[in-house]
Amino acid sequence: MLSSPKQLSFFSALAPLPNHSIHPHSIETTVDSAETNNSFPQTSGDISQSSAPAWSQDPHETHPILAVEIHPHGPRVLVHPLHGCSCGASLSDPCWHLKRALAVWEDGPSGLRYLAKSGFHKELRRGDLQAAFRWARLAAHFHGRSWPKSYLKRVLLEESRSISLLHQWKSLAGLNWEDCVQKGIAAPKKWQVPRREGLFAEYVEAFVATENDPIFSSFEQVQQAVDLAQDRDDLWRIFWRAMRRRDRFGVTWQIDAMKERAFSKSPTARLFVEEALWDTNPFYGPKVLIELLTDAWDQTADQLDPRVLQQALPNDEHLVIPAAPAYLYDCHEISGQRRLLKHWDAILPHQPMPKGVDLRWSGMLAGVCWREYAARQSPHRLRQCPWEAVDIPREVWQHATICDRFFYPRFYQQLPHPSAQAA
Ligand SMILES: [Zn+2]
């Protein structure tokens, strides 16, 4: 379940701790077995977009005709609520396309409404406007027309550092979601911002380094630590000692303690704090302020990619149910969790991912870590870059997997702790 922006998903589920996933974009889903089958059944014959069936949409019919993708970006079948599927299957003996369509028409417990959110978020990270748009349209069907733009606003700081876009979106009233999606895809992703190179390694190292440090219990302690901080490393350590509180004080104390120093370094920092842009996603507020304060941000983070802005948006006649690639599944939903638990020990850098698992575009830190290095090593073919082709330093990987436990405690409860494994 996704909470609204005002609900502060990061904090709303704080205690009792190990029973809650608190990642800012956590998508808690219950996906049934219909969604777990990632191998798309082969259809016989020549089914494509051009093989439209003889019937046309009944204007009095409340259920729309749907186009079901057979493979990602591949051919589709059309499914009609009265006449069945263009593959030949009837309503009385439904094919898997019809079962997918039923999930839309009846909004049953298929998990598709959650998968649409996950699909949108992953394609946002991949920068695939066409795919992101189709998932957003499906999500808008389930969750309302303002869902894509409000979700996008909430996750923008998680994926990008486009402060000016966040400023433009301070109020979403009057903006159409299609335009917002195009701009959100066009915004450089944080792993593409040149000055952020190396930050991820520092960030997760600081998490591990502060595991036994006391957690801050007052604003004065945070202010004193910030006043003594010499470099970004010190600020990351402060960040974790505050964030481990898992409450809003951990955020606001840092913002208040750092803001004057940040204002003197960067006019963007002033905008970020005074316009309360940080509050669109409180977890990222202090994190981004640290980056602004330590010269890890410049204008390139705000420059939207003109190639994306010039792309035509999909002009699908029917609502499309996209095919779901393996990278849509991670610890956010049941089937992804099952796959991860089964193959956990085989998920390592420099080795192909186990079948059915693909964390390249996940919000889990394995994915964040991969993208940070892949974007530097393979900037021009990032979307196609295989997992194993990316060189990730061993200690950064170890720190990332330890730090990930902070975000997904409920998932990691099912796995042994790394130190227990070593013992
Ligand atoms: Zn069919």
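Residues numbered from 1 in each chain as written. Predicted model: local features only at pLDDT ≥ 70, side-chain atom pairs only at ≥ 80, totals over all residues.

**Re the overall build of the protein**
- Counting secondary structure elements, the protein contains 20 helices and 4 strands.
- Contacts in the protein between residues far apart in sequence, at least 24 positions, make up 70% of those at least 6 positions apart. (Helix = DSSP H or I, 4+ residues; strand = E, 2+ residues; numbered from the N terminus. Contact = placed C-beta atoms within 7 Å.)

**A word on the pairing of strand 1 (residues 66–69)**
- On strand 1, burial covers both faces: Leu66 and Val68 on one face and Ala67 and Glu69 on the other are all buried.
- As judged from the 4 bridges shared by strand 1 and strand 2 (residues 76–80), these two strands associate in the antiparallel manner. The residue of strand 2 that forms the bridge with Ala67 is Leu78.
- Between strand 1 and strand 2, which pair antiparallel one after the other, the connecting turn spans 6 residues, and His73 there sits at a positive phi close to 60 degrees.
- Two elements, strand 1 and strand 4 (residues 319–321), share 3 bridges in a ladder whose sense is parallel. Within strand 4, the position partnered with Leu66 by the bridge is Leu319. (Buried ≥ 20, exposed ≤ 12 C-beta atoms within 10 Å, placed from the backbone. Pairing = 2+ DSSP bridges.)

**With respect to the packing of helix 9 (residues 199–209) against helix 18 (residues 394–407)**
- As a packed pair, helix 9 and helix 18 sit with axes 8 Å apart at the nearest point and diverge in direction by 65 degrees. Note on packing geometry: the crossing formed by helix 9 with helix 18 is left-handed. On helix 18, the residues touching Ala201, Val204, Glu205, Phe207 and Val208 of helix 9 are Val396, His399, Ala400, Ile402, Cys403 and Phe406.
- Class assignment of the residues belonging to the contact of helix 9 with helix 18 gives a composition of 9 nonpolar, 1 polar and 1 charged. (Axes fitted to C-alpha atoms, helices over the stretch in contact; angles between N-to-C directions. Left-handed = near helix turned anticlockwise from the far one by under 90°. Nonpolar A, V, L, I, M, F, W, Y, C, P; charged D, E, K, R; others polar.)

**As for unusual backbone geometry**
- With a phi close to 55 degrees, Ala276 is a non-glycine residue in the positive phi region.
- Following the sequence through the fold, Ala276 ends up in the loop between helix 13 (267–274) and helix 14 (284–293).
- Taking the number of C-beta atoms within 10 Å as the measure of exposure, Ala276 has 11 and is therefore exposed.
- With a phi close to 70 degrees, His350 is a non-glycine residue in the positive phi region.
- Inspection of the secondary structure assignment puts His350 in the loop between helix 16 (334–343) and helix 17 (365–377).

**Let's talk about the confidence of the model for the protein**
- Averaged over all residues, the pLDDT of the protein equals 87, while 83% of them reach at least 70.
- Below a pLDDT of 50 lies the segment residues 1–60, which in the model reaches 110 contacts outside its immediate sequence neighbourhood of four places, other chains included. (pLDDT = per-residue confidence, 0-100.)

**Focus: the pairing of strand 2**
- Across the 5 residues of strand 2, 5 count as buried, placing the element largely inside the fold.
- Alternating positions in strand 2 separate into two faces, Arg76, Leu78 and His80 on one and Val77 and Val79 on the other, with burial throughout.
- Bridge count for strand 2 against strand 3 (residues 84–85) is 2 bridges, and the pairing is antiparallel. If you follow His80 over to strand 3, its bridge partner there is Gly84.
- Counting the residues between successive antiparallel strands, the hairpin from strand 2 to strand 3 contains 3 residues.

**Examining the sheet that holds strand 4**
- An order of 3-2-1-4 is seen for the 4 strands of this open sheet, with the pairing classed as mixed. At either end of the open sheet lies a strand with only one pairing partner, and these are strand 3 and strand 4.
- Sitting on the sheet, helix 3 (residues 96–105) touches strand 1, strand 2, strand 3 and strand 4, and the angle it makes with strand 1 is about 125 degrees.

**So, the environment of Pro393**
- Summarising the element assignment, Pro393 is placed in the loop between helix 17 and helix 18.
- C-alpha of Pro393 to C-alpha of Pro349: the two residues are 44 residues apart in sequence and 8.7 Å apart in space.

**Examining helix 3**
- For helix 3, a buried count of 7 out of 10 residues is recorded, marking the element as mostly surrounded by other parts of the structure.
- Elements that come into contact with the buried residues of helix 3 comprise strand 1, strand 2, strand 3, helix 4 (112–126), helix 5 (129–143) and strand 4.
- Positive phi shows up at Asp107, right after helix 3, with a value of about 50 degrees.

**As for the nonpolar core**
- In this structure, Val79, Ala132, Ala136, Phe272, Leu289, Cys369 and Trp370 are the most contacted members of the largest nonpolar core, which totals 115 residues.
- Here the element with the most residues in this core is helix 5; it accounts for 9 residues.
- Viewed by domain, this core spans two of them, domain 1 (194–297) and domain 2 (331–413), each represented by three or more residues.
- If sequence neighbours within four positions are ignored, Ala136 has contacts with Phe120, Pro148, Trp177 and Val181. (Core = buried A, V, L, I, M, F, W, Y, C linked by C-beta atoms within 7 Å. Domains from an automatic or database assignment.)

**Describing the packing of helix 12 (residues 248–265) against helix 14**
- Close contact between helix 12 and helix 14 brings their axes to 9 Å; oriented N to C, the two are set at 20 degrees. Taken together, the axes of helix 12 and helix 14 lie roughly parallel to each other. Considering how the two elements wind past one another, helix 12 and helix 14 form a crossing that is left-handed. Mapping the contact onto sequence places Val251, Gln254, Ile255, Met258, Arg261, Ala262 and Lys265 in helix 12 and Gly285, Pro286, Leu289, Leu292 and Leu293 in helix 14.
- Of the residues belonging to the contact of helix 12 with helix 14, the class tally is 8 nonpolar, 2 polar and 2 charged. (Parallel < 35°, antiparallel > 145°, perpendicular 65-115°, else oblique.)

**Some details on the environment of Ile392**
- Looking at where Ile392 falls in the secondary structure, it is placed in the loop between helix 17 and helix 18.
- Linking Ile392 and Trp370, residues 22 residues apart in sequence, is a C-alpha distance of 7.1 Å.

**Things to note about the environment of Gln310**
- Its place among the elements puts Gln310 in the loop between helix 15 (306–309) and strand 4.
- A tally of 9 C-beta atoms within 10 Å means that Gln310 is categorised as exposed.
- Considering only alpha carbons, one finds Gln310 and Ala186, 124 residues apart in sequence, at a separation of 9.7 Å.

**So, helix 16**
- Buried residues of helix 16: Ser335, Gly336, Arg339 and Leu340, and no others. One side of helix 16 carries all its buried residues, which in axial view fall inside an arc of 135 degrees. Residues Leu341 and Lys342 are exposed on helix 16 and point more than 90 degrees away from its buried face. (Arc of directions from axis to C-beta.)

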